[in-house]
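# Summary of structural features
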Amino acid sequence: MSVATHSPSALLSLSSASKIASYNVQPASGPNPISSAIELSQATHRINLVNAWGVIHPGSRILELGCGQGTCTAVLAEAVSQVGGGQVDAVDPAPLDYGMPFTLGEAQQHLASGPVGKFITFHRADPVSFLTAPENEDKKWDVAVLAHCIWYFASAEELGRILTALKERAKRVCVAEYALHATEPAAVPHVLAVLARAALEAHRLTSSENVQTLLSPAGIKEVAAGSGWKIESESTVVPDAELSDGYWEMATVVAKEFVDDVGKAINQDKVRSLLNSARDATVAAAEAVGGAKKTRTMDVWVATLVVG
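Model, not experiment: these values are computed from the prediction.

## Description of the side chain of Q108
- Residue position: Q108 is located in helix α4 (residues 104-112).
- In this view, Q108 contacts C67, G68, Q69, L96 and F122; residues no more than four positions away in its chain are not counted.

Below you can see the structure in the form of structure tokens.
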């Protein structure tokens, strides 16, 4: 991991990554080298994010929006549970039968019944609806977390509504999203793949893809400022080579299914040509670094926001 701008003292030791990874759901046949390596890399990355933010402490009350299967939730719960314990409200709007190889319901239930489960409350709800629901109107948190979820939002306006609803409800907002920048040359294919994917999804009325609204750090800052928040601190995390997110995203673009989707979704010849060329550029970039499986995950922008 590489951190720029500031480097706060670590809250969680990277040596705890194996323990935290074990909290997450595993194949029915038990952990295997592949699944264990994936969980370890994901836990390690989230520990690096928490330590880069530097504002999540034992006993903290955390609101995590876009929690998904709970990969970051487990790390947050471990962080707040030390010395007496805190609480994590983990919110996601996706159906509980969504996801693979495990559904959100399976993953969340397993985590909730595990060692840090008593520090977690899962909520299936749209973030704005959750924040404005009468039963939650008195809830406040020390920190709200948006970790690798902003690109899932349907629009920049949705992010703005969330940040507006968080004012006077959270002391800080911690953000982590891909930076559209590659310190490691092997992460360039990930950047190109995301641009290609986002361009395609921008032409669809609905989408369930990981990238729906592509916002750069500058774009997120603009939305935050318009919603009454300012940057307290920011830094860049360069993910370890083991983190596979870049390869997974790139693989969906270089696959033939991407070309098929372009043909189905796009009627304009110029746009179709643009998207297919963006895919070609992604393929060429992957070949230049030694093949698809050599692709790394791009840099991650991490920031802490305060009302300003």
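## Comments concerning helix α11 (residues 269-288)
- With 20 residues, α11 ought to run about 28 Å at 1.5 Å a step, and its terminal C-alpha atoms sit 28 Å apart, in line with that.
- By the burial criterion, the buried members of α11 are V271, L275, R279, T282, A285 and A286. An end-on view of α11 places all buried positions within 120° of arc, on one side of the element. Along α11, the residues that are exposed and aim more than 90 degrees away from the buried face are D269, K270, E287 and A288.
- Contacts made by the buried residues of α11 are with α7 (188-201), α9 (245-254) and α10 (256-265).

## A short note on the packing of aromatic side chains
- Scanning the entire structure with this criterion turns up 2 aromatic pairs.
- Measuring from ring centre to ring centre gives 5.7 Å for W151 and Y178, while their planes differ by 50°; the resulting arrangement is tilted. One end of the pair, W151, is in the loop between β4 (141-147) and α6 (156-166); the other, Y178, is in strand β5 (residues 170-178), with 27 residues separating them in the sequence.

## Points about the pattern of salt bridges
- Summed over the entire model, instances satisfying the criterion amount to 13 salt bridges.
- The residue R197 makes a salt bridge to E201 at a minimum N-O spacing of 3.0 Å. Of this pair, R197 and E201 both sit in helix α7, 4 residues apart, roughly one helical turn.
- Given a relative accessible area of 2%, R197 falls into the buried group.
- A residue is classified by how much of its surface remains accessible, and E201, at 4% relative accessible area, is buried.
- D260 is the salt-bridge partner of K256, the closest N and O atoms lying 3.0 Å from each other. On the criterion of helical spacing, the pair formed by K256 and D260 is a turn pair, its members being 4 residues apart in helix α10.
- Among the ionic contacts, a cluster of salt bridges with common partners joins R197, E201, R204, E209 and D261.

## A word on the environment of V271
- As for its position among the elements, V271 is in helix α11.
- Sequence-distant contacts of V271, that is, excluding residues within four places in its chain, are made with H203 and I266.

## Observations concerning the pairing of β4
- With 7 of 7 residues buried, β4 is to be regarded as a mostly interior element.
- Pairing of strand β1 (residues 61-65) with β4 involves 3 bridges; the strand directions are parallel. Bridged to E64 within β4 is V145.
- Of the pairings in the sheet, the one linking β4 to β5 comprises 6 bridges and is parallel in character. The residue of β5 that forms the bridge with W141 is A170.

## Here we look at the nonpolar core
- Residues W53, I56, L146, L163 and L166 are the most contacted members of the largest nonpolar core, which totals 73 residues.
- Take this core: its biggest share by element is 7 residues, from helix α3 (residues 71-81).
- L166 has contacts with L63, L65, L131, A144, V173 and W229, leaving out every residue within four places of it along the chain.
- Among the nonpolar cores identified, the runner-up in size contains 11 residues, and A193, L200, V271 and L275 belong to it.

## Digging into the sheet that holds strand β7 (residues 300-307)
- Strand order in the open sheet formed by 7 strands is β3-β2-β1-β4-β5-β7-β6, and the pairing between neighbours is mixed. The sheet terminates laterally at β3 (120-124) and β6 (229-237), the two strands that pair on one side only. In this sheet, neighbouring strand axes are inclined to one another by 20° on average, regardless of whether the strands run parallel or antiparallel.

## Observations regarding the environment of L274
- Note that L274 resides in helix α11.
- Taking the relative accessible area as the measure of exposure, L274 reaches 53% and is therefore exposed.
- Spatially, the C-alpha atom of L274 lies 48 Å from that of G114, the residues being 160 residues apart in sequence.

Rules and cut-offs
- Each chain carries its own residue numbering, running from 1 in the written order of its sequence.
- This being a predicted model, a pLDDT of at least 70 is required before a residue's local features are given, and a value of 80 or more before pairs of side-chain atoms are given or counted; all residues contribute to the totals for chains, interfaces and linings.
- With hydrogens and water stripped out, all remaining heavy atoms of the structure feed into the side-chain values.
- Per the convention used, a helix needs a DSSP run of H or I reaching at least four residues, while a strand needs a run of E reaching at least two, with both numbered from the N terminus.
- We call two residues in contact whenever any of their non-hydrogen atoms come within 4.5 Å of each other.
- A helix's residues, less one, multiplied by 1.5 Å, set its expected span.
- Using a 1.4 Å probe on the protein chains alone, a residue whose accessible area is under 20% of its type maximum counts as buried, one over 50% counts as exposed, and one in between counts as partly exposed.
- Picture the helix axis, draw a direction to every C-beta atom, and the arc is the one those directions span.
- The rule is short: rings of Phe, Tyr and Trp, with Trp giving its six-membered ring, pair when the centres are within 6.5 Å, and they are stacked under 30 degrees, edge-to-face over 60, tilted in between.
- The term salt bridge refers to a pairing of a side-chain nitrogen on Lys or Arg with a carboxyl oxygen on Asp or Glu at a separation within 4 Å.
- A pair of strands counts as paired when DSSP detects no fewer than two bridges linking them.
- Note on terminology: a nonpolar core comprises buried Ala, Val, Leu, Ile, Met, Phe, Trp, Tyr and Cys residues joined through side-chain atoms within 4.5 Å.
- Every axis in this analysis is a line fitted to C-alpha atoms, fitted for helices over the stretch in contact. Angles between the N-to-C directions lie between 0 and 180 degrees.

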